[in-house]
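So you can see what is in the structure, the chains are spelled out below.
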Amino acid sequence: MSAKQTAVRYASFETLRATGIDNALPWLRGANELAELKRLSAESRQQTWKWGRILSRQLLRDHGVVRESSSEQLEILSINAFGQNDRPAVYVDGVLQAVSLSISHSDRGILVALSAATRVGVDLVDLEQEPFGSLWVWMTNSERAWMNRNDLRQQATVWAVKEAVYKALNEGES
């Protein structure tokens, strides 16, 4: 991956289901990734986690972070040493890679972004979910006032941008 390159990939759950890649996960060999997967109790969340890792691996291979036919062990970990959720970190044979990875999912699909040049953050929002009432706590007073005056698409855009910036800049804060 060139130092100036940022790559993004999206796939709908419908497309992912059609590929059948969710039934065989020979690439999931790392003990740390398996431990992260086992922490997720809901089957639907386990599935979105797997698909996020699959899309991320495709992006990492396509941009030369890991070789296609390599025996290298690739792990994407998003739980830190304190057991807290953290931004995804990419390890090849146990060595942290100098790339930034962000993974997001909605009820419809998965979005991943990768960069060697800058920290990236992505977020997906389904307009049908209308999650904004529960998210007011994360908004400033001026953001709340602005959101009350605007339509759902604009609200979703504000939330997605805010979440993406948080993901890009997050240093482990909850």
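Source: prediction; values computed, not measured.

A.B. asks: Account for the overall build of the protein, naming residues and giving values.
C.D. replies: Secondary structure assignment for the protein yields five helices and six strands. The linear arrangement of helices and strands in the protein, starting from the amino end, is β-α-α-α-β-β-β-β-β-α-α. For the protein, with 174 residues in total, the buried portion stands at 41%. Partitioning the intrachain contacts of the protein with sequence separation of at least 6 by distance along the chain shows that 55% fall at a separation of at least 24. Accessible surface, the protein as shown: approximately 10000 Å² in total, 51% of it carbon and sulfur.

A.B. asks: Please set out the side chain of K167 residue by residue, giving values where relevant.
C.D. replies: Within the fold, K167 resides in helix α5 (residues 152-169). At a separation of 3.1 Å, a polar atom in the side chain of K167 contacts the main-chain carbonyl oxygen of I103. A polar atom in the side chain of K167 sits 3.1 Å from the backbone oxygen of V122.

A.B. asks: I'd like a description of the sheet that holds strand β1 (residues 6-12), backed by residues and values.
C.D. replies: The three strands are arranged β1-β6-β5 in an open sheet whose pairing can be described as antiparallel. Of all the strands in the sheet, just β1 and β5 (100-105) have a single pairing partner and so form its edges. Direction aside, neighbouring strands of the sheet carry axes that sit 10° apart on average. Strand direction decides the pairing type here: β1 and strand β6 (residues 109-115), joined by seven bridges, are antiparallel. Looking at the pairing, A7 lines up with L114 of β6. The sheet strands contacting helix α3 (residues 43-62) are β1, β5 and β6, and the helix crosses β6 at an angle near 35°.

A.B. asks: Would you mind going over the packing of helix α4 (residues 141-148) against α5 in detail, with residue names and values included?
C.D. replies: Two numbers describe a pair of packed helices, the interaxial angle and the distance between the axes. Contact pair α4 / α5: the axes reach a minimum separation of 9 Å and the direction vectors enclose 150°. Viewed along their axes, α4 and α5 adopt a mutual orientation that is roughly antiparallel. As for the relative orientation of α4 and α5, their crossing is right-handed in sense. Counted together, E143, W146 and M147 of α4 and Q154, Q155, V158 and K162 of α5 form the full contact between these two elements. Class assignment for the residues of the contact of α4 with α5 results in three nonpolar, two polar and two charged.

A.B. asks: Pulling in residues and values, what's your account of the nonpolar core?
C.D. replies: L60, I110 and L114 are the most contacted members of the largest nonpolar core, which totals 21 residues. Elements represented by at least two residues in this core include exactly β1, α1 (13-19), α3, β2 (74-79), β3 (85-92), β5 and β6. Top element by residues in this core is α3. It accounts for five residues.

A.B. asks: Just give me the short version of the sheet that holds β2, but keep the residues and values in it.
C.D. replies: Ordered by their spatial adjacency, three strands build an open sheet running β2-β3-β4, and the pairing between neighbours is antiparallel. Because the sheet does not close on itself, it has two edges, and the strands there are β2 and β4 (95-96). Its contacts with the sheet put α3 on β2 and β3, and the angle it makes with β2 is roughly 130°.

A.B. asks: Would you mind going over a nonpolar patch on the surface in detail, with residue names and values included?
C.D. replies: Where nonpolar side chains cluster on the molecular surface, the patch consists of V161, V165 and L169 and spans about 280 Å² of accessible area. Mapped onto the secondary structure, V165 falls in helix α5. A relative accessible area of 44% means that V165 is categorised as partly exposed.

A.B. asks: If you had to explain the environment of E143 to someone new, which residues and values would you point to?
C.D. replies: Assignment of secondary structure puts E143 in helix α4. In this structure, E143 is in contact with W138 and K162, ignoring residues within four places of it in sequence.

Analysis parameters
- Residues numbered from 1 in each chain as written.
- Predicted model: local features only at pLDDT ≥ 70, side-chain atom pairs only at ≥ 80, totals over all residues.
- Heavy atoms only, no water.
- Helix = DSSP H or I, 4+ residues; strand = E, 2+ residues; numbered from the N terminus.
- Buried < 20%, exposed > 50% of the residue type's maximum accessible area, 1.4 Å probe, protein only.
- Contact = heavy atoms within 4.5 Å.
- Areas by Shrake-Rupley, 256 points an atom, 1.4 Å probe, with all protein chains shown as cover.
- Polar contact = N/O pair within 3.5 Å; in protein donor to acceptor, adjacent residues only side chain to side chain.
- Pairing = 2+ DSSP bridges.
- Axes fitted to C-alpha atoms, helices over the stretch in contact; angles between N-to-C directions.
- Parallel < 35°, antiparallel > 145°, perpendicular 65-115°, else oblique.
- Left-handed = near helix turned anticlockwise from the far one by under 90°.
- Nonpolar A, V, L, I, M, F, W, Y, C, P; charged D, E, K, R; others polar.
- Core = buried A, V, L, I, M, F, W, Y, C linked by side-chain atoms within 4.5 Å.
- Patch = residues over 30% accessible without salt bridge, like charges linked within 9 Å, V, L, I, M, F, W, Y side chains within 5 Å.
- Salt bridge = Lys/Arg side-chain N within 4 Å of Asp/Glu carboxyl O.

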